[in-house]
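Structural features, examined
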Amino acid sequence: MRTALTGAGVIGSVHAVILQKRGELCAVCDIDEKKLEKYASLPVYTDYVRMLDEVKPDAVHICTPHYLHAQMICEALSRGVHTLCEKPLCISLDEIEKIKRAAEKSEANFGVCLQNRYNGENLYIKEYLKDKKIVSVTGTVAWHRDGAYYASAPWRGKQSTEGGGVLINQALHTLDLVLWLTGAPETVTASVSNLTLQNAIEVEDSAVIIGKGDPGFVFFATNGSPADMPVELTVKTDDEIIKVTPGSVVINGEAIRFREKYEALGKKCYGSGHEALINDFYDCISNGRKFAIGAEEAARSVKVILAAYASGGKPVRLD
Ligand SMILES: NC(=O)c1ccc[n+]([C@@H]2O[C@H](COP(=O)([O-])OP(=O)(O)OC[C@H]3O[C@@H](n4cnc5c(N)ncnc54)[C@H](O)[C@@H]3O)[C@@H](O)[C@H]2O)c1
């Protein structure tokens, strides 16, 4: 495998470490030349399409800001390049459709980096709940993101480039886990607001979503917490309350043992899933399997978030 990387920022560096460990990183692109300095031993580019056309990689990892995902995914898939994109899939319904068409037409494998599905605790409960009836799921994200965080890159905190705030960025992983367990809801009713960062960002820092379906869910998210708190899932079945936090599963008060296969890379809140997900993506390519978190699967959380943005406190039906 010869794998190229675009977007050599915070998370691009985590992908680069894993690809270098696998011996596969063959070229890097970033519009900021400073970010390319540490990859001087490789071909480096400031133009993504030129990199694809000159390097002709087998695969590419897209780690750029949200508004670039759809176009970069389509450029790669139309060239038959296996494509792994960072979350979120994209930021609009039109883009979802474009990506789905590009993925259907392409021979290449496509995946989105929703790595928390590979964390030990989440693999455990997904398997544990396989044959059980879920009554309800609650997801909670209470993190701290301040003005300095939003000032750290020009695309953050802006509707046109981030596509939203806490929901489409920080909380998307946990919402994805909720939807992984519940499936898509029939309707979404949400309240979305900016409670602590009015002078810093034009997008929401807090949201509550009620998803009606079978089962339904409740989701709370804020970037206005005084500190990063552990994300939480609570699952109710007919006779159990299951509490899931990073590294821990507690069923009706009893702690469960499970095994974590990989070390966390980058910030602790990213979890240990990046390496597991990337290894699985390449395993799929080698074995001709379709990667499980493709366009349809990754679109689910984006559709719920876009419905939440449209809701204004009223139910929005999902197709
Ligand atoms: N899976 C996770 O846990 C996780 C964690 C952090 C970030 N992310 C996602 O990764 C993506 C990047 O986030 P980040 O925090 O690394 O941001 P960042 O700002 O640190 O990095 C983005 C990089 O993309 C570069 N870039 C911008 N336009 C470009 C272009 N046209 N061509 C090539 N490079 C370009 C920027 O110069 C920057 O170096 C986002 O989608 C974010 O949501 C995922």
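What you are looking at is a predicted structure, and each value in this text was computed from that prediction instead of being measured. (Residues numbered from 1 in each chain as written. Predicted model: local features only at pLDDT ≥ 70, side-chain atom pairs only at ≥ 80, totals over all residues.)

A word on the sheet that holds strand 12 (residues 241–245)
Taken in spatial order, the 9 strands line up as 14-13-12-11-7-10-9-8-15 in an open sheet, and their pairing is mixed. The strands lining the two open edges of the sheet, one partner per strand, are strand 14 (254–255) and strand 15 (316–317). Here strand 9 (residues 206–212) runs beside strand 10 (residues 216–222); their pairing, made up of 6 bridges, is antiparallel. Bridging across to strand 10, Ile 210 finds its partner in Val 218. Of the strands in this sheet, strand 7 (134–142), strand 9, strand 10 and strand 11 (232–237) touch helix 9 (residues 172–182), which is tilted by about 175° from strand 7. (Pairing = 2+ DSSP bridges. Helix = DSSP H or I, 4+ residues; strand = E, 2+ residues; numbered from the N terminus. Contact = placed C-beta atoms within 7 Å. Axes fitted to C-alpha atoms, helices over the stretch in contact; angles between N-to-C directions.)

With respect to the domain arrangement of the chain
By a widely used convention, the size of an interface equals the accessible area lost when the partners come together. Under the domain assignment, the chain is made up of domain 1 (3–115) and domain 2 (116–249 + 295–317). Taking only C-alpha atoms, the centre of domain 1 and the centre of domain 2 are 25 Å apart. Taken together, the 18 residues of domain 1 in the interface contact 19 residues of domain 2. Taken together, the elements giving at least two residues each to the side of domain 1 that touches domain 2 come down to helix 5 (93–105) and strand 6 (110–113). If you tally residues by element for the side of domain 1 that touches domain 2, the top one is helix 5, at 5 residues. Looking at side-chain class alone, the side of domain 1 that touches domain 2 contains 13 nonpolar, 3 polar and 2 charged residues. (Domains from an automatic or database assignment. Nonpolar A, V, L, I, M, F, W, Y, C, P; charged D, E, K, R; others polar.)

Re the nonpolar core
Ile 73, Leu 89, Ile 99, Leu 167, Val 178, Ile 305 and Ala 308 are the most contacted members of the largest nonpolar core, which has 91 residues in total. Considering each element in turn, this core owes the most residues, 10 residues, to helix 11 (residues 295–311). There are two domains that each give this core at least three residues, and those are domain 1 (3–115) and domain 2 (116–249 + 295–317). (Core = buried A, V, L, I, M, F, W, Y, C linked by C-beta atoms within 7 Å. Buried ≥ 20, exposed ≤ 12 C-beta atoms within 10 Å, placed from the backbone.)

Let's talk about the site of the ligand
The environment of the ligand is formed by 25 residues, the closest being Gly 7, Gly 9, Val 10, Glu 86 and Ala 153. Broken down by element, the shell around the ligand gets its largest block of residues, 3 residues, from helix 1 (residues 10–22). Across the shell around the ligand, the residue classes break down as 12 nonpolar, 8 polar and 5 charged. (Near = placed C-beta within 6 Å.)

Side note on helix 1
Inspection of helix 1 places Ile 11, Gly 12, Val 14, His 15, Ala 16, Ile 18 and Leu 19 among the buried residues, and these make up the whole buried set. Residues of helix 1 that are buried make contact with strand 1 (3–6), strand 2 (25–29), strand 4 (59–62), strand 5 (82–86) and helix 10 (273–287). Gly 23, located one to two residues past helix 1, shows a positive phi value of around 75°.

Some details on the packing of helix 5 against helix 11
Interhelical geometry of helix 5 versus helix 11 gives an angle of 175° and a closest axis separation of 10 Å. With respect to their mutual orientation, helix 5 and helix 11 come out roughly antiparallel. Contacts from Leu 93, Ile 96, Ile 99, Lys 100 and Ala 103 in helix 5 reach Ala 295, Glu 296, Ala 299, Val 302 and Leu 306 in helix 11. Residues belonging to the contact of helix 5 with helix 11 are distributed by class as follows: 8 nonpolar, no polar and 2 charged. (Parallel < 35°, antiparallel > 145°, perpendicular 65-115°, else oblique.)

Focus: the packing of helix 4 (residues 69–78) against helix 5
A pair of packed helices can be characterised by two numbers: the angle between their axes and the separation between those axes. Running from amino to carboxyl end, helix 4 crosses helix 5 at an angle of 15°, the nearest separation of the two axes being 9 Å. Between helix 4 and helix 5, the angle falls in the class roughly parallel. Note that helix 4 runs across helix 5; the crossing there is left-handed. For the pair formed by helix 4 and helix 5, the contact residues are Ala 70, Ile 73, Cys 74, Leu 77 and Ser 78 on the first element and Glu 95, Lys 98, Ile 99, Ala 102 and Ala 103 on the second. (Left-handed = near helix turned anticlockwise from the far one by under 90°.)

So, the pairing of strand 1
Alternating positions in strand 1 separate into two faces, Thr 3 and Leu 5 on one and Ala 4 and Thr 6 on the other, with burial throughout. In terms of handedness, the path from strand 1 via helix 1 over to strand 2 forms a crossover that is right-handed. (Right-handed = clockwise from strand over helix to strand, strands pointing away.)

A look at the sheet that holds strand 6
On the basis of which strands lie adjacent, the open sheet formed by 6 strands has the order 3-2-1-4-5-6 and parallel pairing. Only two strands of the sheet have a single partner each, and these edge strands are strand 3 (44–45) and strand 6. Here strand 1 pairs with strand 4 via 4 bridges, running parallel. Among the inter-strand pairings, Leu 5 is bridged to a residue of strand 4, identified as His 61. Packed onto the sheet, helix 3 (residues 48–55) meets strand 1, strand 2, strand 3 and strand 4 and runs at close to 155° relative to strand 2.

A word on the pairing of strand 5
The buried fraction of strand 5 is high, at 5 of 5 residues. Alternating positions in strand 5 separate into two faces, His 82, Leu 84 and Glu 86 on one and Thr 83 and Cys 85 on the other, with burial throughout. In terms of strand pairing, strand 4 meets strand 5 through 4 bridges, oriented parallel. By the bridge assignment for strand 5, His 61 is matched with Leu 84. Read as a crossover between parallel neighbours, the route from strand 4 over helix 4 to strand 5 is right-handed.

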